[in-house]
Amino acid sequence: MFSKALAFLVLSVPLLATAAPAELAKRQVDTSSHCGQWDTVTAGQYELLLDQWGASGATSGQQCANLVSLSGSTISWKTTWTWTGGSGVKSFTNIQLNQGINKQLSAISSIPTTWTWSQSASGSVVADVAYDLFTSNSAGGSNVNEIMIWLANFNAGPISSQYGSDGKPVPVASNLSLAGHTWNLYSGSNGANAVFSFLPTSGTITSFSGDIKAFFDYLVQHEGVSSSQYLVTAQAGTEPTSGSATLTTSAYSLAIN
Ligand SMILES: *[C@@H]1O[C@H](CO)[C@@H](O)[C@H](O)[C@H]1NC(C)=O
């Protein structure tokens, strides 16, 4: 009996010892609400960017965002927006990764990510929920390719160089199995850089977990993107055009390995 009790004590010490740093890993972050057009809030390797780049196209509206917590590499955050008028995107409020970027695609082995979110909207909205990643010819250089991975398309649409007679964008590739889901790929330009958009073939992905290096590998193998390109920006957020909604990200993580 005594020896069993002692063995339990001995075993339980390392367990307690590993539990303590996990608690410490929950870091103090600025959880206050930010509503300025270009406000930013840094938390560990991440940065919340209000990025209301298209706000002048709205007749009225505003957007605010706040961090909720950072625990280990998992961040949670929230944004509430109302935009009226104008047919263009008003903002891309997002979480940017500031660690491990400016690597060549050929030097990246994996980009693991998780993103669990929900959106509550009042009435109909036009928006997407998406990853937005950019590559360049050099570290920190200007954008050459934009890679979007949409998890939701709320009455919006991707940039596309081809449209059908029904007015809908025509994918350059269909039914691609990548990172556990099925996607259509659209290709076009925003006037400044090439844009590749992967959209789920159906529905909305509110809990995504996978290695998104697979999307870059696809573009290198099939769409002429050079593996010597540098991944210069890795962001994930929402692009609203109109309506009113709150997007809550309960858990997000992204790493470039
Ligand atoms: C994609 O898959 C759907 C459902 O199986 C099918 O109806 C459609 O024809 C496929 N598209 C192409 C271009 O293969």
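Conventions used here
Residues numbered from 1 in each chain as written. Predicted model: local features only at pLDDT ≥ 70, side-chain atom pairs only at ≥ 80, totals over all residues. Heavy atoms only, no water. Helix = DSSP H or I, 4+ residues; strand = E, 2+ residues; numbered from the N terminus. Contact = heavy atoms within 4.5 Å. Lys, Arg positive; Asp, Glu negative; His and termini not counted. Charge placed at Lys NZ, Arg CZ, Asp CG, Glu CD. Pairing = 2+ DSSP bridges. Core = buried A, V, L, I, M, F, W, Y, C linked by side-chain atoms within 4.5 Å. Buried < 20%, exposed > 50% of the residue type's maximum accessible area, 1.4 Å probe, protein only. Polar contact = N/O pair within 3.5 Å; in protein donor to acceptor, adjacent residues only side chain to side chain. Salt bridge = Lys/Arg side-chain N within 4 Å of Asp/Glu carboxyl O. Phe/Tyr/Trp six-rings, centres within 6.5 Å; stacked < 30°, edge-to-face > 60°.

Q: Help me out: how do you make sense of the overall build of the chain in this one?
A: Per the secondary structure count, the chain includes 2 helices and 15 strands. Reported as C-alpha extents along the three principal axes, the dimensions of the chain are approximately 80 × 45 × 35 Å. A separation threshold of at least 6 residues defines the contact pool for the chain, and within that pool the share at least 24 residues apart is 71%. Each charge sign in the chain was given a centre, from 8 positive and 13 negative side chains, and these centres are 12 Å apart.

Q: Explanation requested: the pairing of strand 4 (residues 60-71) in the structure shown.
A: Across a regular strand the side chains alternate sides, sitting on one face of the sheet and then on the other. Bridge analysis of strand 1 (residues 26-27) against strand 4 gives 2 bridges, and the strand direction is antiparallel. By the bridge assignment, K26 is partnered in strand 4 with S71. Between strand 4 and strand 5 (residues 74-84), which follow one another and run antiparallel, lie 2 residues, and G72 among them has a positive phi close to 60°.

Q: How should the pairing of strand 8 (residues 112-121) be read in this particular structure?
A: Sheet analysis places strand 8 next to strand 14 (residues 207-211), joined by 5 bridges and oriented antiparallel. In the sheet register, T116 faces strand 14, and the bridge partner there is S207. Both strand 8 and strand 15 (residues 230-254) contribute to a ladder of 9 bridges, which runs antiparallel. Across the sheet, S120 pairs through a bridge with T246, a residue of strand 15.

Q: Explain the nonpolar core here, please?
A: For soluble globular proteins, nonpolar side chains are generally found buried alongside one another. Counting 47 residues, the largest nonpolar core has Y131 and F198 as its most contacted members. It is strand 15 that provides the largest number of residues to this core, a total of 6 residues. In this structure, F198 is in contact with I147, M148, I149, W150, L176, L178, W183, N184, L185, F215, Y218 and L219, ignoring residues within four places of it in sequence. Counting 7 residues, the second largest nonpolar core, distinct from the first, contains A58, V125, A127 and A245.

Q: Where do I start with the environment of T79 in this structure?
A: Within the secondary structure layout, T79 lies in strand 5. Linking T79 and T31, residues 48 residues apart in sequence, is a C-alpha distance of 12 Å. Ignoring any residue separated from it by four or fewer positions in sequence, one finds T79 in contact with Q63, C64, A65, T93, T238, A245, T246 and L247. Within the structure, T79 has its side chain in polar contact with the side chain of Q63 (distance 3.0 Å).

Q: Just to check I follow, could you spell out the environment of Q28 for this structure?
A: With respect to the helices, strands and loops of the structure, Q28 is situated in the loop between strand 1 and strand 2 (40-43). On the basis of relative accessible area, Q28 is assigned to the exposed category, the value being 80%. Through-space distance from the C-alpha of Q28 to that of S71 is 9.2 Å; in sequence the pair is 43 residues apart.

Q: For this particular structure, what's the right way to read the pattern of salt bridges?
A: Once their charged atoms are close, side chains differing in charge can pair, the charge on each being opposite to the other. Counting across every chain of the model gives 1 salt bridge. As a salt-bridge pair, D217 and K213 come within 2.9 Å of each other at their nearest N and O atoms. In this pair, D217 and K213 are both assigned in helix 2 (residues 213-222), 4 residues apart and thus about one turn of the helix distant. The exposure class assigned to D217 is partly exposed, which follows from its relative accessible area of 31%.

Q: Even after reading the chapter, I still don't get the environment of A236, so can you show me in this structure?
A: Relative to the elements of secondary structure, A236 occurs in strand 15. Note: C-alpha distance between A236 and F92 (144 residues apart in sequence) is 8.6 Å. The residues contacting A236, other than those within four sequence positions of it, are W77, F92, N94, I95, W115, A130, Y131 and Y252.

Q: What am I meant to see in unusual backbone geometry here?
A: Most peptide bonds take the trans form, and the phi angle of most residues other than glycine is negative. Residue D51 is not a glycine yet carries a positive backbone phi of 40°. For D51, the position within the fold is in the loop between strand 3 (46-49) and strand 4. The backbone phi angle of N175 is positive, close to 55°, even though this residue is not glycine. With respect to the helices, strands and loops of the structure, N175 is situated in strand 11 (residues 173-178).

Q: Would you take a moment to explain the packing of aromatic side chains for this structure?
A: Here a ring pair, both rings aromatic, is described through the centre-centre distance and the interplanar angle of the planes. Inspection of every chain in the model, using the stated rule, returns 10 aromatic pairs. Residues W115 and Y252 carry aromatic rings whose centres are separated by 5.6 Å and whose planes lie at 80° to one another, so their mutual orientation is edge-to-face. One end of the pair, W115, is in strand 8; the other, Y252, is in strand 15, and 137 residues separate them in sequence. Judged by relative accessible area, which is 0%, W115 ranks as buried. Residues W183 and F215 carry aromatic rings whose centres are separated by 5.1 Å and whose planes lie at 85° to one another, so their mutual orientation is edge-to-face. One end of the pair, W183, is in strand 12 (residues 181-189); the other, F215, is in helix 2, and 32 residues separate them in sequence.

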